[in-house]
Every structure is written in C-alpha cells, then in structure tokens.
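# Chain and residue survey
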Amino acid sequence: MSTTTSPGEKNILVSIEGLSFRYPDSQRPAVKDVSLEIGEGEVVLLAGQSGCGKSTLLRCVNGLIPHMYPGDYRGSVSVGGLKVAETPMSMLSQRVGLLFQNPENQIFMFSVERDVAFGLQNLSVPREEMRSRVDEAMRLLGVSDLALRAPHELSDGQKQRTALAGVMAMRPRLIILDEPTSLLDPKTALEVVSLIERLNRELGITFIVVEHRLELLIPIADRLVVMDGGSKVMDGVPRDVLADARVEAYGVSVPPISRLYNALSKEGVRLPKVPETPEEMAEELNGL
Amino acid sequence: MFWLTGGFVFKRVVSPFNKLDPRVRLLVALEFFVLSLLASTISAVALVLLAILLVAAVAKSLRRIGRTVAFSGLFAVFIFAVNLLFGLGLLVAILYSFRFLAIVSSTSVFFVTTSPDELEQIMKWMRVPRDVVFAFVTAVRFIPVVMLDAFQIMDAQKSRGLEFEKGSIVRRVRNLIPILIPLVVNSVIRSGELAEAMESRAYGSTPKPTSLYGMRLMWYDVAVVVGSLLLSSAATLYIYHPVSFQV
Amino acid sequence: MTALSDVSLTVAKGETIAIVGENGAGKTTLVRHANGLLKPTKGSVLVDGVDTRKTTTATLSRKVGIAFQNPDHQLFSESVESEVSFALRNFGFAEDLVSRRLDWALNFFGLEQYRKSSPLVLSGGEKKRLTLACILAWDPDVVVLDEPTVGQDSIQKEKLAQIFRMLKSTGKTIIIVSHDVEFLWPIQPRLVVMSSGKVVADGEISKIMADRGLLEAARVTQPQLLRLYSELRSRPPSPFLDVDDARDWVSGSRARQEAR
C-alpha cells in the first residue's frame, strides 16, 4: 500500500491509452478501448467475470501481446516510458514480470536456483552477477534453503514463491500476477499476499493482480479496476468501488462483508466508513 | 514399471562419484559400455558387471541400479532362451545375457547420477543447438508431471465406468482413447503455458545464454580420467592378448 | 509415508458433509476411497454395506459419482452428446434410457445448445457444468464434489449453488471437498476438518468454525459472516448464515433500538 504520496503525485509507470485488441480467430475484440494509468508503487486489483478481458489486458502490458500473440492491435501501452509494442521482450522482461496461475508450468529447471537464474541466462548476464542476483531473489522470497531442491520436491506455495523469485531476479519495476492464488489453499494464499505487500512496501514494486478472491487482496490494494465485456467499467479506491451496487452485476465475487454493507445502505443503515474486514464492520456496528 | 524406470531417473545423492564432473561420469559409463561389448568370455563380462556394481556402490545408488539389473534379468533370460533356440550354444547364450545386464547397468549408472541440468550442461558443451537442449531438458523435467496427469485421468475415467482390464484386445485399445486424448490436450495446454512463461523471461534473446554453473575439471576428475583410461586400456589389451600378461 | 491415519467416518443417506483442510491434508486421498480408486491398507471402506475391496471401481461408481477438480482430465469425446452418454453406456443403460437421461442432463445444466459441439471448445465454466452433467446423468446416490469452486467467478458459483440445492432436494448424499469456506457456510453442512492425514474435527459447522485455535492449527480460514458475528456486542442466538440474514437482523435491531 503506497501511503506516502497521493495518487496524483506519483510517477506514472504504466500508461494504457485507447487500447483495443482482437485475436485473429475471433469476431469480437477481447479488450475494447481501455485507458488506464498506474502510478509507481501502486497495488492494483483487476477483477471481472471470466471472459471479461482481464487476462488479455495483462498480456498487453507485459508484451506477450503483440509479440507472441499478434492480432488486431490499436491504441498504445507504455511501461516506464517504453512502448510495449515497439520494445523487444528481452527489454520488457526487465521492466515487467508476469506470474501465472499454475506454478508448475513456470518452473523449467531441475533445481530452484537454476530456475531462478533462467531469465538471467537468457539475458547473458555474467556468472558472478547472476549468482548474486539469484541469491538475492531467493532470499527475498524465502526460498534460499530450497536452492537445490527439484520442483517435484516443493509444495504448491514453495513453487509459487520459486516462480516469483525467478521473476524478481529480472529486477522488474512492475509485477503482474494472473490469479496467483486460485490453486492454493487459503492460508498459503494469505502468505503469498503478505509477500506481495512486503515487496511493495520494501522495494516499491508496482503490482497488478487479477484475482477472484477479492477479500484476500483488498487490505493491500490501492485500486480496484473492474472489467466487463472487454471494457473498463469501474476504477477507484476498493472501498468505494465495492460500495457501488453495480459491482455485483459485473460478476465480481464481492466478499460477504461488502455485500452486507451495500444491503444495509439500501435499507437506510449508513455506516460511517466502508469496512474492508469483518472486524472493521463489527466495530462500526457496535458503535451504532 | 517403477523397477525399470527407477534405474534411469536421477536421484540427488551426495557421493564421491556424484562429485565428479558430469563429463567424467559420462566417460566412465562409456568405458564400461564399450568394455561390455568387447569382453569375449563370461568371466570377463562378469568382471565388468562387478566393476559397474562397485561404482554404483560408490555412488550410493547400488540398490536402485541393482533393482534395475534384477528386473532386466527377465530380458536377459529371454535373450538366453532365444540364443539357445538358435543353436548358439549354452556358453554363448550366458555371455550374451550377461552382456545385456552390463550394458543396461552402465547406462543406468550414468542416468541415476546425472541430473537433467547436468545433461543440459553436457549437451551445451557438445555444442548441441540451444533449442534442442531446452526441449530435451524440459521434456525430462515434466515426465513426472505428465505421469501424474495420466494417473489422474485414469482415475477420472475409471470413475465413469471405464474398465481397463476387461474385453478383447480391440476393446482394450479403444479404452485407451479416453486416456490419450485428455493427456494430449493437457500437454498442449501445458506447452502453451510454458511458452508464455519462457517468453516472459526473455527466452531466445541471445543465441549464447550464460549459466549459473560451469564445468571445471578438478584434480580428482583428471585422476579418474587417467586412471580409468589406463584400466580400460589394460582390460582391452588383456581381452585381445591374454598371453602378454603371463610374461 | 501414510497419507491417512486411523480415519473413521460414517456418512448417512441424504447427508451433506464438507471436508476441509489444507492442501496435502488428505482430503482428496480420503474421497478416492469412496469409489474404490484407492483401497485401504488397514481398515475397511463400506459403501452401502459393500466392502470396496471386494468389488470394482466401475461397479462402485454406479452408486458414488466423483466430480474431479479438473475438467480437462476427463473430456475427450467428439461431441457433448457422446461425452454425457459415455458413462451411461459404460454402465449398461438401455439406449432409450441413455437418450432420456442425456436429454435431462443437457437441459438441466443448460447445455442443450452445445449438444453437437466439441466439449473442448466450451468455456471453463461450461466445461465444469459438463463434467457435472456427465455424472448426474447416471443418477448416483452419492455425489462427491472435489473443489467445485476453484477458479470460478461469482456467476458460475451461483449456478453451482443452484445445482447443489437441487441435489439436496432430491435426497442425494453429498460430499464436498473444498477450501472455499464462504461457499460452504450458507449450506451449513456437517463439517469434517482434516490435517496431516487425520480427522481433527467432525460435527456442526458453526461450533467447529468458532474454534479459532483448531482452525489455525488446521490452516483453515473462518467465513467473514462468522468473524463479524463473533465480534458483535449484541447479536442473535445463532450466527448469520448469509448476507440477507445479517442485514435483516441489523436493520431489525436498529428498529428495536429506535423504538425504545
């Protein structure tokens, strides 16, 4: 959570202007005229029902679209001043990291440390520097003791952290996570979330997270952006977005507490603040 | 099934043999392989087999390799029977079956002690193209994952009444379709996800990727190379000119 | 390495039970015993009085339908039609019955329009419904759902909840393996908590979920409405089951307050 500067004062890291993208074998665009600005150090939560275009948008930011997936591409996306469509993946991967849903399919090597080094190998980083960056990334993610372990010897949470270490070794300023916790149990999911919070707080890394289980991310998110049918339909501070009754119509899994807040507001019961956790709501209700 | 594959799957173990440079291990395994083929008497092959098992013991993998040898003993018996049938004589039959065991165990010694990452290093050193190396190493890395997928698919289809044990050969082959199609589909999906992850970590940016570990020959590597070559040469000489040792 | 240790569990006809616990606690291992995919090394598993070791998975599956987590591990046919009929034919249903059950299943799960389509082109949510349709087509007495809500958005989850209510109303015995406590809470099933291969709790969900220490140890989270309930100073005798419940009580208690 970035607390020092207000949104307006931040440097803009990601700038998406009028972006539209249609896959070659599809009739309708997956992303329609989306404009979005993300400041340095922000944690942005991206939500919406299946098929709303969130995954496509993520891939437009890290460069997989258009470099790996060409198609009907309009508008522009810039990250750190670089135009994504015109910058090769070798450079983009050092600005933007992308962590996928299934940790299994992002670990290539037979040991944790060699996998963390994978991206650095591809960038021809010299061995000494590679060693120190790998050690640093493993330390940050708490997987240093697992350095020599093989992927099949790791738990799901450990695999996810290994994959994240591999991304961190590239020293990106922005990390995008595509449903990082959906295959994890709730406690492990919470651990991943606190990892994100720590990396954001200590290193100032900007995060975009796509997630269905909003209640996990809301405590650390600066913004909630909702997509529907390829367009951006809501964008604001999580509390405010969730308090807006339209959010449920967009297929977003609104946590029970937020739904309760909305239901109460409809009945005329106004709480002083929009609660983010059950404990907050209890406090407010006790005060009534 | 595990008995056969157990002897060829890498297991992380700390042993003097594992400490050797992977290329040296390859050399030792090759030497054993060649000697098994050259050895022309039963006692010679038995000696080679014994030497291999000794190395397996040093590599603390005797049980795994021993099991594979025992299992391939079945094939060895088959070879024995076939040779007898073709009238090649009892001694020759025994020789050929022993030789088979020696060949299997010499390859096993290499694969059990060498990780896919080390295989990658060897292949790079041999100047195998980057993409071929990557495809090979990734394939090996995902063997256990694909096997797990296969078991889960079988469970799902068994739970829909599919019975593998019953029926004619034709029926049994047809019953493989509900297993193979999801397996292939899953592998295709997996390849797509892997490709995205690779691209996102700049794979292919350079034809000459660097690596975290290099291979450097230490004094013990050189010692083993020299020593084993001397022993192998002596053994070969003995095989072809047994007389010279009686001088 | 034992995956399960000394587990004893009895499920009555028509009961709904939920099995929770972290990944690796043994939940999936346990339910695979219900149709004989796994046989116990010690002890026994009886389904409707029949020992699973004395019969085949195919026979047991007729009574116990397990819906596995990943639809991509099951779908293989040329059409949705043949996919749903697959199990029916394996179980030896007569052709006219196959056709009737097929019609019912496609209709109920809203898949009629995809009858002739390939299952592989359906969306994630549709694939999940298709796998359920395949199982419910043969009308097993017991339905086991292995992580039914993973990766689903709210609309898909609502459909699942509807399907669940239908199953309950037809008297089926339902076993749900899930981490999703928010999905389970309104259902109020009998709750079984597993940890490290053992059953650490078995009983009323409201009682068990109120035990924070137990949940911590088993790495299970508490539903939000229950968390809210436990922090409230004035509250009804039993916890809120869903948002409407909570809303009604809160506005009701305001009205009572104002009336004083």
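Residues numbered from 1 in each chain as written. Chains lettered and ligands numbered in written order. Predicted model: local features only at pLDDT ≥ 70, side-chain atom pairs only at ≥ 80, totals over all residues.

## Describing the interface of chain A and chain B
- Contact with chain A, which involves 35 residues of that partner, is made by 26 residues of chain B.
- When residues of the side of chain A that touches chain B are traced back to their parent elements, those giving at least two are helix H3 (89-92), helix H4 (112-122) and helix H5 (127-140) of chain A.
- The element that contributes the greatest number of residues to the side of chain A that touches chain B is H4 of chain A, accounting for 7 residues.
- For the side of chain A that touches chain B, a count of residues per class yields 17 nonpolar, 13 polar and 5 charged. (Contact = placed C-beta atoms within 7 Å. Helix = DSSP H or I, 4+ residues; strand = E, 2+ residues; numbered from the N terminus. Nonpolar A, V, L, I, M, F, W, Y, C, P; charged D, E, K, R; others polar.)

## Looking at the pairing of strand E8 (residues 206-210) of chain A
All names here are of chain A.
- The buried fraction of E8 is high, at 5 of 5 residues.
- Burial along E8 is two-sided: Thr206, Ile208 and Val210 facing one way and Phe207 and Val209 facing the other are all buried.
- In the sheet, strand E3 (residues 43-47) pairs with E8 via 4 bridges, with the strands oriented parallel. Of the residues in E8, the one forming a bridge with Leu46 is Val210.
- Handedness of the β-α-β unit built from strand E7 (residues 174-178), helix H7 (residues 186-203) and E8 comes out right-handed. (Buried ≥ 20, exposed ≤ 12 C-beta atoms within 10 Å, placed from the backbone. Pairing = 2+ DSSP bridges. Right-handed = clockwise from strand over helix to strand, strands pointing away.)

## Focus on the nonpolar core
- Counting 168 residues, the largest nonpolar core has Val61 of chain A together with Ala133, Ala137 and Val144 of chain C as the members making the most contacts within it.
- The element contributing the most residues to this core is helix H5 (residues 124-136) of chain C, with 6 residues.
- For Ala137 of chain C, the residues in contact, after removing those within four places along its chain, are Val84, Ala87, Leu88, Arg101, Leu102 and Ala105 of chain C.
- Core analysis: the second largest hydrophobic core is formed by 31 residues, Ala44, Ala102, Phe111 and Val112 of chain B among them. (Core = buried A, V, L, I, M, F, W, Y, C linked by C-beta atoms within 7 Å.)

## Quick look at the sheet that holds E3 of chain A
Residues and elements named next belong to chain A.
- Read across the open sheet, the 6 strands follow the order E6-E7-E8-E3-E9-E10; overall the sheet is mixed. Strands at the two margins of the open sheet, each flanked by one partner only, are strand E6 (96-99) and strand E10 (231-236). Each neighbouring strand pair of the sheet contributes to a mean axis angle of 20 degrees, computed without reference to strand direction.
- Relative to E7, E6 is paired through 4 bridges, and the arrangement is parallel. (Axes fitted to C-alpha atoms, helices over the stretch in contact; angles between N-to-C directions.)

## Focus: the packing of helix H3 (residues 22-38) of chain B against helix H4 (residues 42-58) of chain B
All names here are of chain B.
- Contact pair H3 / H4: the axes reach a minimum separation of 9 Å and the direction vectors enclose 160 degrees. Here H3 lies roughly antiparallel to H4, going by the angle between them. The two elements H3 and H4 cross, and the hand of that crossing is left-handed. On H4, the residues touching Val28, Phe32, Leu35 and Ser36 of H3 are Val45, Val48, Ile52 and Val55.
- For the contact of H3 with H4, the per-class residue count stands at 7 nonpolar, 1 polar and no charged. (Parallel < 35°, antiparallel > 145°, perpendicular 65-115°, else oblique. Left-handed = near helix turned anticlockwise from the far one by under 90°.)

## Some details on the confidence of the model for chain B
- Looking at chain B as a whole, the pLDDT averages 86, with 94% of positions reaching at least 70.
- Highest mean pLDDT in chain B belongs to helix H10 (residues 177-200) of chain B (94); lowest belongs to helix H1 (residues 2-6) of chain B (54). (pLDDT = per-residue confidence, 0-100.)

## Focus: the interface of chain C and chain B
- Taken together, the contacts link 20 residues of chain C with 18 residues of chain B.
- Counting residues per element, the ones that place at least two in the side of chain C that touches chain B are helix H2 (57-61) and helix H3 (80-90) of chain C.
- Broken down by class, the residue content of the side of chain C that touches chain B amounts to 11 nonpolar, 7 polar and 2 charged.

## With respect to the pairing of strand E9 (residues 223-228) of chain A
Residue and element names in this part refer to chain A.
- Extensive coverage of E9 is indicated by the burial of 6 of its 6 residues.
- The alternating pattern of E9 places Arg223, Val225 and Met227 and Leu224, Val226 and Asp228 on opposite faces, both of which are buried.
- By the bridge criterion, 4 bridges tie E3 to E9 in an arrangement that is parallel. Bridge pairing in E9 links Ala47 to Val226.
- Taken together, the 5 bridges between E9 and E10 define a ladder with antiparallel strand orientation.

## Here we look at the domain arrangement of chain B
- Per the domain assignment, the segments making up chain B are domain 1 (2-114) and domain 2 (129-200).
- On a C-alpha basis, the centroid separation for the pair domain 1 of chain B and domain 2 of chain B is 30 Å. (Domains from an automatic or database assignment.)

## A few points about the environment of Val269 of chain A
- Its location among the elements puts Val269 of chain A in the loop between helix H11 (256-266) and helix H12 (278-287).
- Residues Val269 of chain A and Leu288 of chain A, 19 residues apart in the sequence, show an inter-C-alpha distance of 9.8 Å.
- Discounting residues that sit within four places of it in the chain, Val269 of chain A has contacts with Leu264 of chain A together with Val250, Ser251 and Arg254 of chain C.

## Looking at helix H7 (residues 116-125) of chain B
- The set of residues buried in H7 of chain B consists of Pro116, Asp117, Glu118, Leu119, Glu120 and Gln121 of chain B.
- Considering only its buried residues, H7 of chain B is in contact with H4 of chain A together with H3 and helix H8 (130-158) of chain B.
- Backbone geometry just downstream of H7 of chain B places Arg127 of chain B in the positive-phi region, at approximately 65 degrees.

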